[in-house]
Amino acid sequence: MSIESNIEEVRARIRAACERCGRDPEDVTLIAVTKLHEAEEMNEAIDCGITDIAENKVQEVLRKYDDVKPATWHLIGHLQTNKVRQIITKVALIHSVDSLHLAREIDKRAAQNDLVMDILIQVNTAHEDSKFGVDPQEVDGLIEEIAETCPHVRVRGLMCIAPFEAEPEETRPFFRAAKEIFDRWQAKGPSDRIDFRWLSMGMTNDFEVAIEEGSNMVRVGTAIFGSRDYRREEL
Ligand SMILES: *Cc1c(COP(=O)(O)O)cnc(C)c1O
């Protein structure tokens, strides 16, 4: 399968999922997750109409950035504060903010570059023992603290990673819980610092369920580029 036909197939599945729940496919942004893939493959995807690409590691962004055609870059993986400086001018949206500490570092670096950085709060609705993501009960407090203390940060929504389930249907409750928080904040209306627009959820295994539950940003890697060679991570 070629990258082109894979993208066509993913787009068809997005359209079908939207049809099932009466949504407009234009409302769903497809982000191609390019971790462990090379600039050449990324450019091929961009030639096929992909506008948004995502990496989970800062060093992957830096390594490939200059070789990739113009695109909107997203950071979707855990971000260490000491690496924020290196990507602050390169990415348009950081999906993985899960602490005030990280938000304040983003704020500091954004201020130095005279920009306002859009972020999503990573919410852990599965209450998993995972190291990353904020507990649903702590989301409101974190958003308020960020809005109070980080003038160069704008909270644009939420990111949610469901636990991998052999049966994608089983991810539904985790996405639904994130959508509830998202709707509550969106209903408050936009302010300078908080303007809910993006609900980033759904990966290769579960993006159709995520769309049915209200996702408007899906992060798809494997279904576009094929399986990743994790040996490359050693390089
Ligand atoms: C790798 C990754 C994806 C894409 O996963 P696939 O299963 O390959 O589609 C999406 N989101 C995050 C946060 C990732 O790390």
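Here the residue numbers are simple positions, counted from 1 along each chain's written sequence. Whole-chain, interface and lining totals are the exception, using all residues; otherwise, since this is a predicted model, local features are given only for residues with pLDDT of at least 70 and side-chain atom pairs are given and counted only at 80 or more. As a rule here, side-chain values cover all heavy atoms of the structure and leave hydrogens and water aside.

**Let's talk about unusual backbone geometry**
Excluding glycine, residues mostly have negative phi values, and the peptide bonds linking residues are mostly trans.
Stage number 1. Located in the positive-phi region is leucine 36, a residue other than glycine, with phi close to 65°.
Stage number 2. The classification of residues rests on relative accessible area computed with a 1.4 Å probe and restricted to protein chains. Under 20% of the type maximum is buried, over 50% is exposed, and intermediate values are partly exposed. The class of leucine 36 is buried, set by a relative accessible area of 6%.
Stage number 3. Even without being glycine, aspartate 114 reaches a positive phi, approximately 55°.
Stage number 4. By the criteria applied, helices consist of DSSP H or I runs no shorter than four residues and strands consist of E runs no shorter than two, each listed in order from the N terminus. Looking at where aspartate 114 falls in the secondary structure, it is placed in the loop between helix 5 (100-112) and strand 5 (117-122).

**So, the UniProt feature "modified residue: N6-(pyridoxal phosphate)lysine" (unreviewed entry) in the protein**
Stage number 1. When the UniProt feature table is mapped onto this chain numbering, "modified residue: N6-(pyridoxal phosphate)lysine" (unreviewed entry) sits at Lys35.
Stage number 2. Within the secondary structure layout, lysine 35 lies in the loop between strand 1 (29-33) and helix 2 (39-47).
Stage number 3. Setting aside residues up to four positions removed in sequence, lysine 35 forms contacts with Ala54, Glu55, Asn56, Glu60, Lys64, Arg228 and Tyr230. UniProt positions are given in the numbering used here, feature names are shortened, and annotations may be inferred rather than shown by experiment. Residue contacts are counted whenever heavy atoms from the two residues lie within 4.5 Å of one another.

**A short note on a negative patch on the surface**
Stage number 1. A contiguous patch of negative charge, built from Glu4, Glu8, Glu40 and Glu44, is present on the exposed surface.
Stage number 2. Relative accessible area serves as the criterion here: at 68%, glutamate 40 is assigned to the exposed category. Patch membership requires more than 30% relative accessible area and the absence of a salt bridge. Residues of like charge join within 9 Å; the nonpolar side chains Val, Leu, Ile, Met, Phe, Trp and Tyr join within 5 Å. Reported accessibility uses the Shrake-Rupley method at a 1.4 Å probe radius. Residues are deemed covered only where the shown protein chains occlude them. Definition used for salt bridges: Asp or Glu carboxyl oxygen within 4 Å of a side-chain nitrogen of Lys or Arg. The charge count treats Lys and Arg as positive and Asp and Glu as negative. His and the chain ends do not count. Where a charge lies is defined by one atom per residue type, namely NZ (Lys), CZ (Arg), CG (Asp) and CD (Glu).

**Regarding the site of the ligand**
Stage number 1. The environment of the ligand is made up of Val33, Lys35, Ile76, Ile161, Met203, Thr204, Arg219, Val220, Gly221, Thr222 and Arg228.
Stage number 2. Within the side chain of arginine 219, one N or O atom sits 2.9 Å away from a nitrogen atom of the ligand.
Stage number 3. Residues adjacent in sequence count toward polar contacts only when both atoms are side-chain atoms; beyond that, a polar contact is any pair of N or O atoms within 3.5 Å, and within protein one must be able to donate a hydrogen and the other to accept it. Between threonine 222 and the ligand, the recorded distance is 2.6 Å, taken from a side-chain N or O atom to an oxygen atom.
Stage number 4. Out of a free accessible area of 390 Å², the ligand has 89% covered by protein chains.
Stage number 5. Amino acids are sorted into nonpolar (Ala, Val, Leu, Ile, Met, Phe, Trp, Tyr, Cys and Pro), charged (Asp, Glu, Lys and Arg) and polar (every other residue, Gly among them). For the shell around the ligand, a count of residues per class yields five nonpolar, three polar and three charged. The criterion for a residue being near a molecule or strand is simple. One of its heavy atoms has to lie within 4 Å of it.

**A look at the packing of aromatic side chains**
Stage number 1. Each Phe, Tyr or Trp ring (for Trp, its six-membered ring) is paired with any other whose centre lies within 6.5 Å, and the angle between the two planes then decides the class: stacked below 30 degrees, edge-to-face above 60, tilted in between. Taken as a whole and judged by the stated rule, the model has three aromatic pairs.
Stage number 2. Here tyrosine 65 and tryptophan 73 contribute two aromatic rings whose centre-to-centre distance is 5.2 Å and whose plane-to-plane angle is 45°, an arrangement assigned as tilted.
Stage number 3. For tyrosine 65, a relative accessible area of 25% gives the class partly exposed.
Stage number 4. Judged by its relative accessible area of 3%, tryptophan 73 falls in the buried class.
Stage number 5. One aromatic cluster is present, built from ring pairs that chain together Phe182, Trp185 and Phe196.
Stage number 6. Against the face of tryptophan 185 rests lysine 188, its NZ or CZ located 4.2 Å from the ring centre. Only when the NZ atom of a Lys or the CZ atom of an Arg is both within 6 Å of the ring centre and within 35 degrees of the ring normal do we say a charge sits over the ring.

**Things to note about helix 5**
Stage number 1. Here, expected helix span is obtained from the residue count minus one, scaled by 1.5 Å. Over its 13 residues, helix 5 runs 18 Å from end to end, which matches the ideal 18 Å to within 8%, given 1.5 Å per residue.
Stage number 2. Contacts from the buried residues of helix 5 go to helix 4 (84-87), strand 4 (93-97), strand 5, helix 6 (136-149) and strand 6 (153-160).
Stage number 3. In the segment just after helix 5, aspartate 114 is the residue with positive phi, at about 55°.

**Describing the packing of helix 6 against helix 7 (residues 172-187)**
Stage number 1. What counts as an axis is a line fitted to C-alpha atoms, over the stretch in contact for a helix, and the angles between N-to-C directions run from 0 to 180 degrees. Their axes nearest at 11 Å, the elements helix 6 and helix 7 cross at an angle of 30°. The orientation of helix 6 with respect to helix 7, classified from their angle, is roughly parallel. Between helix 6 and helix 7 lies a crossing whose hand is right-handed. Contact with helix 6, carried on its side by Pro136, Val139, Asp140, Ile143 and Glu144, involves Ile181, Arg184 and Trp185 of helix 7 and no other residues of that element.
Stage number 2. Grouping the amino acids of the contact of helix 6 with helix 7 by side-chain chemistry returns five nonpolar, no polar and three charged. The cut-offs work like this: below 35 degrees is roughly parallel, past 145 is roughly antiparallel, 65 to 115 is roughly perpendicular, and the gaps in between are oblique. If you view the pair so one helix is near and one far, a crossing is left-handed when the near helix is turned anticlockwise from the far one by less than a right angle, and right-handed when it is turned clockwise.

**Regarding the pattern of salt bridges**
Stage number 1. This model, assessed by the stated rule, comprises 17 salt bridges.
Stage number 2. Glutamate 38 serves as the salt-bridge partner of arginine 63, at 3.1 Å between the closest nitrogen and oxygen. Of this pair, arginine 63 sits in helix 3 (residues 58-64) while glutamate 38 sits in the loop between strand 1 and helix 2; the two residues are 25 residues apart in sequence, bridging distant segments of the chain.
Stage number 3. Take glutamate 38: its relative accessible area is 28%, and that puts it in the partly exposed class.

**Let's talk about the environment of glutamate 44**
Stage number 1. Within the element layout of this structure, glutamate 44 appears in helix 2.
Stage number 2. Classification of glutamate 44 by relative accessible area gives partly exposed; the value is 36%.
Stage number 3. Sequence separation between glutamate 44 and lysine 188 is 144 residues, and the spatial gap between their C-alpha atoms is 40 Å.

**Structural notes on the environment of alanine 166**
Stage number 1. Residue placement: alanine 166 occurs in the loop between strand 6 and helix 7.
Stage number 2. On the basis of relative accessible area, alanine 166 is assigned to the exposed category, the value being 72%.
Stage number 3. Alanine 166 sits 155 residues away from arginine 11 along the chain, and the two C-alpha atoms are 22 Å apart.

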